Amino acid sequence: MPLDAGQKLQGITAPISMEGPKPIDIHLSKKLEEYMRPFGVFESEEELAHRMDVLNKVNLLVREWIKDVSRRKNNIPENKIDSFGGMVCTFGSYRLGVHTKGADIDTLCVAPRHVERTDFFTSFIELLKEQSEVKELRAVEEAFVPVIKMSFDGIELDMTFARLALPTIPEDIDLKNESLLKNLDLKCVRSLNGCRVTDAILHLVPNVENFRMTLRAIKLWAKKKCIYSNSLGFLGGVSWAMLVARVCQLYPNADPSTLLQKFFMVYSKWEWPQPVLLTELSQENKLNFAVWDPRINPSDRFHLMPIITPAYPCQNSTFNVTNSTRQIMMDEFKEGLEATSEIYKQGEEGNWALLFGPSNFFQKYKHYIVLSCAAQEESSYLEWHGYIESKIRLLVGNLERNPFIRLAHVTPESHGPLDNSDHKFMLYKQAVHIKLYKDDMTVDIRHVKRKMLDQFVPPDVLVRGAKPRPAKKIHASTGNLQRLSTESQQQQPKTLPHSRSDTELVHVTGSEVIDLSGEDKPVNGSDEVIDLDKKNRNAEVIIIEDNERGKRPCDDNEIAQPTKKFKPAEQANTPMDVNLQSPNSLRKRDSSPPQCDTPVKRSKSLEEAQTGRISGSGSPMHTESVFGSPVGKGESGDGVGQGLAPVGEDKEPLQMDKGSCLPALPAGKPIEKVA
């Protein structure tokens, strides 16, 4: 039901817009749901029932385990053993209602005060090993939030543990009650916070269904773009959920399609490290737990992308984010905004494939770090894999401190071996920081270039997300013009057809360009247009220079003078050839010794390349005589250079001014005098 301004709204600020959905928004939201279905975003009723059955079995196992621990530790009659209770609670994506096919379930084991954490990681693990449905069982007791990972009847489970300061655990216990945190250790508080944060998020969004659909889309997009991993420095599920929840607070009546576009609009412009908050920070800390507050804790001021959990004690869920990962996510936010804006421009024909295209990670860079880890036993590999993955972000931080590395990008995907090697279980990642080894575990890190990735990554993954490369532009260098002239003479012996290329832009000065394409366009972003004579717009490119020693008008086959007037060559401070040169060429000339007027390479004209008036070896290093450039070795020409008098066959070369080099004379045909 739409909300109005009179109703109480959640959030630390007022909504940006209370506008409801338009027909186009409803239509695009339906298309969004249809587009996401093939990606396994929604589970069937049978799969949901199977998950419920697995959770029920695990809950019974926990109750039986608590009874066994109670018998061993307390002399309690059997008829009172059942009163201790205990339960399994869910949190994360399953509790939010946005889990996908094959996704794991985050669970919490809640036990009374006489059951300790050491019991959870000893006797409970032994009980799990006896169950035929349990596979891939491993314990991570040293983690920030200690967890037991397993696969129970095909469903992956992550189970944490919390020991409450209560003699019994009632069935209707409310974990949102802050008084339950009294007298608990920090690990138990962190474990409880998973359920508390999930419940708080669902309570703080105005429309749960729209929130869930938008979060499904964002999670699919993040996985496609390879930015979904908390351990590698990106964002995890709870962080993405809080970002979406904040957008839902700002646009409480919007449909999922609109919320998706607003999501990219808001966070592509977000001024990090400004924190994302779903509720106001508490002004008091009754239980004296550490909370995120940069006003009190100086270390919190250095967090790069703070997203603060809404349940006490408030914490930053993006502690692992680095400069590189934040920059990568910001770039993806901007690209997402462009894609969603384009989808809305297309109207009812909008295609959501523009947003959910795969990442071009293996096409984006030139240098990569390949990590390979192996173990002889599968159980050892699973433990080794998790430990290595948790340390990768340390290497990313070290790489960022290298002044020669601008960005360190890690992909969360892993790929198996491409051949049947001795190591059965392999993991390939981008980086790693290892400090602990076991006897049956190995790790290998190597630097490779992009062309060598086919040795480690499947071919279909390498080309995924690759964008079509633009056609190479042929620059109007002497070698290219000679090649074009040769090809043209083979196809059309008499004329070379005119096509739009770099030769259509004749540089007159550093800021003036003559466009021979037949279109009047501004130069260098200005409104100033240089026009040509209409009858000569399709003429071949021939540049005629007038000077005091030799002048001749343009005939019909030559380019007419442009309507824009510029300083003649004899009045300019620099020779005409300098006006035609690029800034790089001028810098090269300026860096030459003052005793030598170093010639700078200049392209031939198309007519010269066709008629062969300037013949030579075709090397791109030769120079020409037009506009004052000396004639190179093995060449001849009939144009007169700027500042050079006509030289006949029987005359000695004209001496240059002091401080200039003598022009190189051709070894073949001498330069003919121009009348």
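Check the entry above for the structure.
Residues numbered from 1 in each chain as written. Predicted model: local features only at pLDDT ≥ 70, side-chain atom pairs only at ≥ 80, totals over all residues. Heavy atoms only, no water.

> Report on the overall build of the protein chain, specifying residues and quantitative values.
Each helix and strand in the protein chain was counted, giving 17 helices and 10 strands. Counting all 675 residues of the protein chain, 46% fall into the buried class. The long-range fraction of contacts in the protein chain, counting pairs at least 24 apart against all pairs at least 6 apart in sequence, stands at 66%. When the accessible surface of the protein chain is totalled, it reaches about 36,500 Å², and 51% of it is carbon and sulfur. (Helix = DSSP H or I, 4+ residues; strand = E, 2+ residues; numbered from the N terminus. Buried < 20%, exposed > 50% of the residue type's maximum accessible area, 1.4 Å probe, protein only. Contact = heavy atoms within 4.5 Å. Areas by Shrake-Rupley, 256 points an atom, 1.4 Å probe, with all protein chains shown as cover.)

> Help me get a handle on helix α8 (residues 237–250), residues and values and all.
Between its first and last C-alpha atoms α8 spans 20 Å; for 14 residues at 1.5 Å apiece the expected length is 20 Å, and the two agree. The buried fraction of α8 is high, at 12 of 14 residues. When we look at burial in α8, the residues that qualify are Ser 239, Trp 240, Ala 241, Met 242, Leu 243, Val 244, Ala 245, Arg 246, Val 247, Cys 248, Gln 249 and Leu 250. Of the surrounding secondary structure, the elements contacted by the buried residues of α8 are α3 (93–96), α6 (186–204), α7 (208–224), α9 (256–268) and α10 (323–345). (Expected span 1.5 Å × (residues − 1).)

> For the side chain of Arg 216, give the residues involved together with the corresponding values.
Here Arg 216 lies in helix α7. Summary of buried charges: Arg 216 has no salt-bridge partner, and the nearest side chain of opposite charge, Glu 209, is 7.5 Å away. Once residues lying within four places of it in the same chain are set aside, the contact partners of Arg 216 are Met 36, Val 41, Phe 42, Gly 97, Val 98 and His 99. (Lys, Arg positive; Asp, Glu negative; His and termini not counted. Salt bridge = Lys/Arg side-chain N within 4 Å of Asp/Glu carboxyl O.)

> Provide a residue-level description of the nonpolar core, including the pertinent values.
Formed by 65 residues in total, the largest nonpolar core has its most connected members in Phe 211, Trp 240, Phe 263 and Phe 333. When contributions to this core are tallied by element, the ones reaching two or more residues are α1 (23–36), α6, α7, α8, α9, α10 and α12 (378–400). A total of nine residues in this core trace back to one element, the largest contributor, which is α8. If sequence neighbours within four positions are ignored, Trp 240 has contacts with Leu 215, Ile 218, Trp 221, Ala 222, Ile 227, Tyr 228, Leu 235, Phe 263 and Phe 333. Judged by nonpolar contacts, the second largest core, of 30 residues, contains Val 69, Phe 121, Leu 127 and Met 159. (Core = buried A, V, L, I, M, F, W, Y, C linked by side-chain atoms within 4.5 Å.)

> Would you mind going over the environment of Glu 378 in detail, with residue names and values included?
Structurally, Glu 378 is set in helix α12. Look at Glu 378 and you get partly exposed, because its relative accessible area is 39%. Note: C-alpha distance between Glu 378 and Glu 136 (242 residues apart in sequence) is 8.3 Å.

> I'd like to hear about unusual backbone geometry, residue by residue, with values.
Apart from glycine, the bulk of residues carry a negative phi angle, and the bulk of peptide bonds sit in the trans form. The peptide bond linking Trp 272 to Pro 273 adopts the cis configuration, its omega dihedral lying at 10 degrees. Between Tyr 312 and Pro 313 the backbone carries a cis peptide bond, its omega angle lying at -5 degrees. Phi at Glu 136 takes a positive value of approximately 55 degrees, unusual for a residue other than glycine. You can see Glu 136 is positioned in strand β3 (residues 134–140). The backbone of Asn 288 sits at a positive phi, close to 60 degrees, despite the residue not being glycine. You can see Asn 288 is positioned in the loop between α9 and α10. For Asn 288, a relative accessible area of 65% gives the class exposed.

> Summarise the environment of Ala 339; cite the residues concerned and give the values.
Locating Ala 339 in the fold gives a position in helix α10. The buried category is assigned to Ala 339, whose relative accessible area is 11%. When the C-alpha positions of Ala 339 and Gln 261 are compared, they lie 8.9 Å apart, and in sequence the two are 78 residues distant. Residue contacts for Ala 339: discarding those within four places in its chain leaves Leu 354 and Leu 355.

> If you had to explain the side chain of Arg 196 to someone new, which residues and values would you point to?
Looking at where Arg 196 falls in the secondary structure, it is placed in helix α6. Buried and unpaired, Arg 196 has Glu 178 as its nearest opposite-charge partner, separated by 4.5 Å. Not counting chain neighbours up to four residues away, the residues in contact with Arg 196 comprise Leu 175, Lys 176, Asn 177, Glu 178, Leu 181, Ala 311 and Tyr 312.

> If you had to explain the pairing of strand β4 (residues 147–152) to someone new, which residues and values would you point to?
The buried fraction of β4 is high, at five of six residues. Across five bridges, β3 lies against β4 in antiparallel orientation. Considered in β4, the bridge of Lys 135 is made with Ser 151. Linkage of β3 to β4, two consecutive antiparallel strands, is achieved through a turn of six residues. By the bridge criterion, five bridges tie β4 to strand β5 (residues 155–163) in an arrangement that is antiparallel. Among the inter-strand pairings, Met 150 is bridged to a residue of β5, identified as Leu 157. (Pairing = 2+ DSSP bridges.)

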